[in-house]
Amino acid sequence: MTEKVHILNHPLIQHKLSIMRDKNTGTKEFRELLDEISMLMVYEVTRDLPTEEVEVETPLALMKTRMLTGMPIGVVPILRAGLGMVDGIMQLIPNAKVGHIGLYRDPDSLQPVEYYCKLPADSEQRLLVVLDPMLATGGSASAAITFIKQRGSTNIKLVNLIAAPEGIERIQRDHPDVDIYVAAMDERLNEHGYILPGLGDAGDRLYGTK
Ligand code: PRP
Ligand code: URA
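Residues numbered from 1 in each chain as written. Chains lettered and ligands numbered in written order. Predicted model: local features only at pLDDT ≥ 70, side-chain atom pairs only at ≥ 80, totals over all residues. Heavy atoms only, no water.

A.B. asks: Tell me about the nonpolar core, residues and numbers included.
C.D. replies: Of all hydrophobic cores here, the largest spans 37 residues; its most connected members are L17, M20, L161 and L199. Elements supplying a minimum of two residues to this core: α1 (11–21), α2 (27–45), β4 (73–79), α3 (86–92), β8 (127–131), β10 (156–163), β11 (179–185) and α6 (202–207). Per-element tally for this core: the top contributor is α2, with seven residues. Those residues in contact with L161 that lie beyond four places of it in its chain are L17, M20, L34, I37, D132, P133, V182, A183, A184 and L199. Formed by 23 residues, the second largest nonpolar core is a distinct cluster that contains L128, A141, A163 and V178. (Core = buried A, V, L, I, M, F, W, Y, C linked by side-chain atoms within 4.5 Å. Buried < 20%, exposed > 50% of the residue type's maximum accessible area, 1.4 Å probe, protein only. Helix = DSSP H or I, 4+ residues; strand = E, 2+ residues; numbered from the N terminus. Contact = heavy atoms within 4.5 Å.)

This is the structure in structure tokens:
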């Protein structure tokens, strides 16, 4: 593990994630909690955004203060489950553009299969924040980052709710330049490639498809 891996175990995040993990938590609450945690994670993901000095006149005095330089940002959810993180992020970065990458993991080979990719036209000039709640083998996120790089982007961050050590290793091997932000690092994968203890199938729990 390097300084490229950021574990955001703030008490509010831990609390909300514990409710999400509970198998008795229903779809509506699961979706709301993912939204809230994503919003909380933005705080750290954007910590190194550039700012510039500006002058502001308060009711009492003129002052020098700092504002964002307006670095363009794109958020790129990996379909389907990554979609559940978009709204929370966009509440704090409302001007971000949204790209989509459609990937599913073949249940037998565990290899990612691409079915859709549409990124902002100027994505190579943006900080691209790739979203997916689960980083299991890391195959899906690694493939998504490769697609993005093939389209010219060099400034990429990956945001996951739960990661397995295997997934972190994979991203660090394939994309050592990418910062990874996770709310929790779990123990391992089971024989079907699911994260233990994890929260089950994120897409199914978000959309009620199982
Ligand atoms: C899940 C999850 C990740 C991927 C993680 O998606 O949302 O995209 O698996 O596994 P990996 O790290 O081993 O690649 P899934 O393929 O179930 O698709 P879905 O989001 O459409 O349900
Ligand atoms: N995808 C999920 O949704 N959950 C896991 O634990 C692994 C992959």
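Having seen it, we continue.
A.B. asks: Help me get a handle on the site of ligand 2, residues and values and all.
C.D. replies: Lining the immediate surroundings of ligand 2 are R105, M134, A136, G193, Y194, I195, G200, D201 and A202. Between ligand 2 and I195 there is a distance of 2.8 Å, counted from an oxygen atom to a backbone nitrogen or oxygen. In the environment of ligand 2, a nitrogen atom lies 2.8 Å from a nitrogen or oxygen atom belonging to the backbone of G200. Considered on its own, ligand 2 offers 240 Å² of accessible surface; in the complex 88% of this is hidden by protein. Class assignment for the residues of the shell around ligand 2 results in five nonpolar, two polar and two charged. (Near = heavy atom within 4 Å. Polar contact = N/O pair within 3.5 Å; in protein donor to acceptor, adjacent residues only side chain to side chain. Areas by Shrake-Rupley, 256 points an atom, 1.4 Å probe, with all protein chains shown as cover. Nonpolar A, V, L, I, M, F, W, Y, C, P; charged D, E, K, R; others polar.)

A.B. asks: I'd like to hear about the packing of helix α4 (residues 139–150) against helix α5 (residues 165–174), residue by residue, with values.
C.D. replies: Running from N to C, α4 and α5 cross one another at 25°; their axes reach a closest spacing of 9 Å. By the angle between their axes, α4 is roughly parallel relative to α5. In terms of crossing hand, the pair formed by α4 and α5 is right-handed. Each of G139, A141, S142 and I145 in α4 lies in contact with α5, whose residues at this interface are R170, I171 and D174. Class assignment of the residues belonging to the contact of α4 with α5 gives a composition of three nonpolar, two polar and two charged. (Axes fitted to C-alpha atoms, helices over the stretch in contact; angles between N-to-C directions. Parallel < 35°, antiparallel > 145°, perpendicular 65-115°, else oblique. Left-handed = near helix turned anticlockwise from the far one by under 90°.)

A.B. asks: Which residues make up a nonpolar patch on the surface, and what values go with them?
C.D. replies: A contiguous nonpolar patch, built from Y104, Y115 and Y116 and spanning about 340 Å² of accessible area, is present on the exposed surface. Topologically, Y115 is positioned in strand β7 (residues 112–118). (Patch = residues over 30% accessible without salt bridge, like charges linked within 9 Å, V, L, I, M, F, W, Y side chains within 5 Å. Salt bridge = Lys/Arg side-chain N within 4 Å of Asp/Glu carboxyl O.)

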